[in-house]
Amino acid sequence: KTVRAGIKAIAAAGGGVVLVLLLALPLLAAVVSLSPAGIVADGRTVEPTGAALEAWERLPEDLSVERRMVVTYALALVDKVDYFWGGKSLVLGWDDRWGEMMEVTAVYNASGGSYIPGQGGGAAAQHGQCADIPWEEVQPGDLVFYPEDDHVGIAAGRDGQGRLLVVHCAAGAGGVTLSCSNGFTQAARPG
């Protein structure tokens, strides 16, 4: 409760919250490792709930801070972000355009509001910036792909039966969802 109150206070202070988050990475790392308090972006606090919270609670204790933060953020968006073609965004954190019909032009890694060719650009471009890994070596935070790089998701740990869970933005699910790895056939690790 104290952590959540502190995060809400930072958000209420307004302006530059993303910058504050980047500068406060060590503090956030401790917060994310201790509680699913979620991520504050542009005055919004999002946190894993339901099945996403259960997945978060199963994350390995020795998972790196960077991986834990990526997976926590992805899990926090499950069932909260409507389908947004390609999951594309030009901003770090929450994107107010999510759920709106529009043409979009950037993906995967925000770059200060501009699209950089070769940095993002779809599942194939993302896969091209990763090193392929054997399926049995997949860790939370790695990327998984459909055949022909038709779709990408973020590995989010395992369920109670040991099946790999994936966070991805699926049109069929109507938005960001958590599912088993059915359909995903390749795994890769971002550099």
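To start, this report covers the structure provided alongside it.

Before going further, it helps to examine the pairing of strand S7 (residues 175-180). Strand residues, when the strand is regular, have side chains that alternate between the two faces of the sheet. Two strands pair when backbone bridges link them, and strand S6 (residues 164-170) and S7 are joined in this way by 6 bridges, in the antiparallel orientation. Note that in S7 the partner of Cys169 across the bridge is Val176. What sits between S6 and S7 in their antiparallel hairpin is a turn of 4 residues, with Gly174 showing a positive phi close to 80 degrees.

Let us look at the sheet that holds strand S5 (residues 152-158). The sheet built from 6 strands is open, its strands ordered S3-S8-S4-S5-S6-S7 with antiparallel pairing. Here the strands that pair on one side only, and so sit at the sheet edges, are strand S3 (130-133) and S7. Strand after strand, the sheet turns through a mean of 40 degrees between neighbouring axes, direction not considered. Helix H5 (residues 65-77) contacts S5, S6, S7 and strand S8 (186-190) of the sheet and is inclined by roughly 105 degrees relative to S5.

Let us look at the nonpolar core. One broad trend across soluble globular proteins is that nonpolar side chains are buried collectively. Of all hydrophobic cores here, the largest spans 20 residues; its most connected members are Leu75, Leu77, Val78, Ala156, Val167, Val176 and Leu178. Ranked by the residues each element gives to this core, the list is headed by H5, at 6 residues. Counting residues in each nonpolar core, the second largest holds 8 residues, with Ile133, Val138, Ala155 and Val166 among its members.

Our focus in this paragraph is helix H4 (residues 50-57). Among the residues making up H4, those that are buried are Ala52, Ala55 and Trp56. Burial along H4 is one-sided: seen end-on, the buried residues are contained in an arc of 100 degrees.

Once that is clear, we can look at the environment of Glu137. Tracing the backbone shows Glu137 in the loop between S3 and strand S4 (143-145). Separated by 51 residues in the primary sequence, Glu137 and Ala188 place their C-alpha atoms 9.5 Å from one another.

For the rest of this paragraph, the subject is the pairing of S5. Where burial is concerned, most of S5 is hidden: 5 out of the 7 residues are buried. Here 3 bridges tie S4 to S5, and the two strands are oriented antiparallel to one another. Residue Val144 lies in a different strand from S5, and its bridge partner there is Gly153. Hairpin connection, S4 to S5: the antiparallel pair is bridged by 6 residues, and Glu148 has positive phi, about 60 degrees. Bridge count between S5 and S6: 3 bridges; the pairing is antiparallel.

Calculation notes
Just so you know, the residues in each chain are numbered from 1, in the order the chain's sequence is written. With the structure being a predicted model, the display of local features is reserved for residues of pLDDT at least 70 and the display and counting of side-chain atom pairs for 80 or more, all residues being used for whole-chain, interface and lining totals. To get the side-chain values, take all heavy atoms of the structure and skip hydrogens and water. Pairing between strands is defined by DSSP: at least two bridges between them are needed. Every helix listed is a DSSP run of H or I at least four residues long, and every strand listed is a run of E at least two residues long, numbered separately from the N terminus. As a rule, the C-alpha atoms of each element are fitted with a line to give its axis, helices using only the stretch in contact, and angles between N-to-C directions run from 0 to 180 degrees. Contacts are assigned to residue pairs with any non-hydrogen atoms lying within 4.5 Å of each other. We call a set of buried residues a nonpolar core when its members are Ala, Val, Leu, Ile, Met, Phe, Trp, Tyr or Cys and they connect through side-chain atoms within 4.5 Å of each other. Throughout this description, buried means an accessible area under 20% of the type-specific maximum (1.4 Å probe, protein chains only), exposed means over 50%, and partly exposed covers the range between. As used here, the arc belongs to the directions running from the helix axis to the C-beta atoms.

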